[in-house]
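Each chain is listed here by its residues.
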Amino acid sequence: MYQTSTAQATLHGNRVIDLRSDTVTRPTPGMRKAMAEAEVGDDVFGDDPTVKALEERVAALVGKEAAVFVPSGTQSNFLALITHCARGEEIVTGRDYHVNKYEAGGASALGGAILTPLPLDGNGGLTPEQVVEAVKDDDPHLPVTRLVSLENTWNGRVQDQRAIERIAAVARANSLALHLDGARLMNAAVASGQSPAALAAPFDTVSLCLSKGLGAPIGSVLSGPADFVRRARRNRKMIGGGMRQVGVLAACGLFALDHHVERLADDHAHARALADGLCGIPDLDVDYPDSGTNMVFLTVRPEQFLPLRDALAARGVLIGGRSPLIRLVTHLDVDEGDISRVVEAFGDAWQALGDDLRQRSVA
Ligand SMILES: *Cc1c(COP(=O)(O)O)cnc(C)c1O
């Protein structure tokens with residue numbers, strides 16, 4: 001239905017606006033230049049200066065001793081979980097967190113860890129009481145609880161830092177380690193005005209994605225204590241994640257940290273404007289909370305999801321999510337003008353659904 005090319009997809013001469021995720025961004029010319037000029041070496045031998053620079057940069061950014069560069073956020077979280085936990089040990093996490101829902105059960109399937117997922121509150125948080133209750137007694141019937149794994153942002157929502165600190169206190173009191181899936185931690189930092197180091201301070205380890213809103217084509221960084229990172233590096237090699245002249249990719253991460261952090265505020269403003277615009281369409285159930293960053297959610301009836309998605313695609317707008325929840329994510333390749341185009345396309349597509357289907361929205 002739409003044409004993809006090495007540049008950007010177009011439909012009837014208009015650029016397609018892709019809101020499926022903030023992972024769809026293409027490297028900018030400046031980023032490609034940084035790749036081309038990157039100094040490289042064999043990183044498995046510790047010889048790649050650009051990878052080293054990125055690892056040091058991110059470790060300092062999130063206030064940890066050391067860091068290791070990995071291809072994906074999933075690998076970063078996986079390494080964190082299996083480096084914290086031996087086989088048969090337990091991870092307390094949120095039911096709808098990425099580590100539980102969207103990482104193919106890797107920590108359990110490959111690492112032998114036991115994930116105990118707890119229900120989240122409306123903003124995506126857990127309470128200290130839930131965590132305390134989940135911690136197992138020292139009893140041979142039960143796994144040893146080892147780790148609490150949280151996520152910030154969750155579904156684009158900045159988490160309550162005081163609640164996180166209270167969970168951290170509970171974790172410490174029970175000798176548990178604490179991991180943060182901070183795939184979009186920079187969004188949380190920019191939106192809250194707090195430094196990433198302050199947001200990551202309660203945690204032992206933190207995973208940051210460079211390939212989400214920061215616009216790199218690939219890459220995540222796992223940070224933590226030097227000894228932990230040394231063990232994670234061995235685990236990375238074990239699963240085949242050692243990389244060679246990968247400074248060409250680390251250069252993208254460094255470029256992203258130099259040029260694409262402050263501009264996340266634009267993504268957040270665009271998401272808010274999008275939510276406001278969509279609220280003007282009668283019967284659409286729009287969700288953009290005060291804690292929101294670059295994601296807008298809409299709930300529709302299950303039978304409306306596919307027709308609406310197709311009607312929008314026919315108008316050059318790609319949407320994400322899983323029925324009945326639509327997810328719209330703003331990013332580097334979406335500008336202010338695109339927001340009005342999307343609102344207009346939604347109005348038209350919603351109209352095109354027909355009165356019958358439309359009036360059965362949940363609102
Ligand atoms: C995208 C994402 C990941 C995983 O990143 P990949 O690079 O896609 O493997 C982990 N956690 C969260 C919260 C994410 O959004």
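Read on for a plain summary of the structure. Starting afresh in each chain, residues are numbered from 1 along the sequence in its written order. Local features in a predicted model are, by the rule used here, given only for residues with pLDDT of at least 70; side-chain atom pairs are given and counted only at 80 or more, and totals for whole chains, interfaces and linings are based on all residues. Water and hydrogen atoms were dropped before computing side-chain values, which therefore reflect all heavy atoms in the structure.

**A look at the sheet that holds strand β12 (residues 295–299)**
Next up, step 1: What the four strands build is an open sheet, ordered β11-β12-β15-β14; its pairing is antiparallel. Of all the strands in the sheet, just β11 (285–287) and β14 (320–322) have a single pairing partner and so form its edges. Across the sheet, the mean angle from the axis of one strand to that of its neighbour is 25°, orientation sign disregarded.
Next up, step 2: What makes two strands pair is DSSP finding at least two bridges between them. Put simply, DSSP marks the helices as runs of H or I at least four residues long and the strands as runs of E at least two long, and each gets a number from the N terminus on. Bridge analysis of β11 against β12 gives three bridges, and the strand direction is antiparallel. Counterpart to V286 in the pairing with β12 is L298. Orientation is described by axes fitted as lines to C-alpha atoms, over the contacting stretch for helices, and by angles from 0 to 180 degrees between their N-to-C directions.

**As for the environment of P71**
Next up, step 1: The topology assignment puts P71 in the loop between β4 (66–70) and α3 (73–84).
Next up, step 2: In this structure, the C-alpha to C-alpha distance between P71 and M243, residues 172 residues apart in sequence, is 8.9 Å.
Next up, step 3: Two residues qualify as a contact provided that any one of their heavy atoms is within 4.5 Å of a heavy atom in the partner residue. Once you skip the residues sitting within four places of it in the chain, P71 turns out to touch I218, G219, S220 and M243.

**Section: helix α10 (residues 226–238)**
Next up, step 1: Multiply 1.5 Å by the residue count of a helix minus one, and that product is the helix's expected span. The terminal C-alpha atoms of α10 lie 19 Å apart, and with 13 residues this matches the ideal 18 Å at 1.5 Å per residue to within 8%.
Next up, step 2: Buried residues along α10 sit in contact with β4, α3, β9 (205–209) and β10 (220–224).
Next up, step 3: Positive backbone phi, approximately 85°, marks G240, located one or two places after α10.

Geometric values such as these leave the question of function open.
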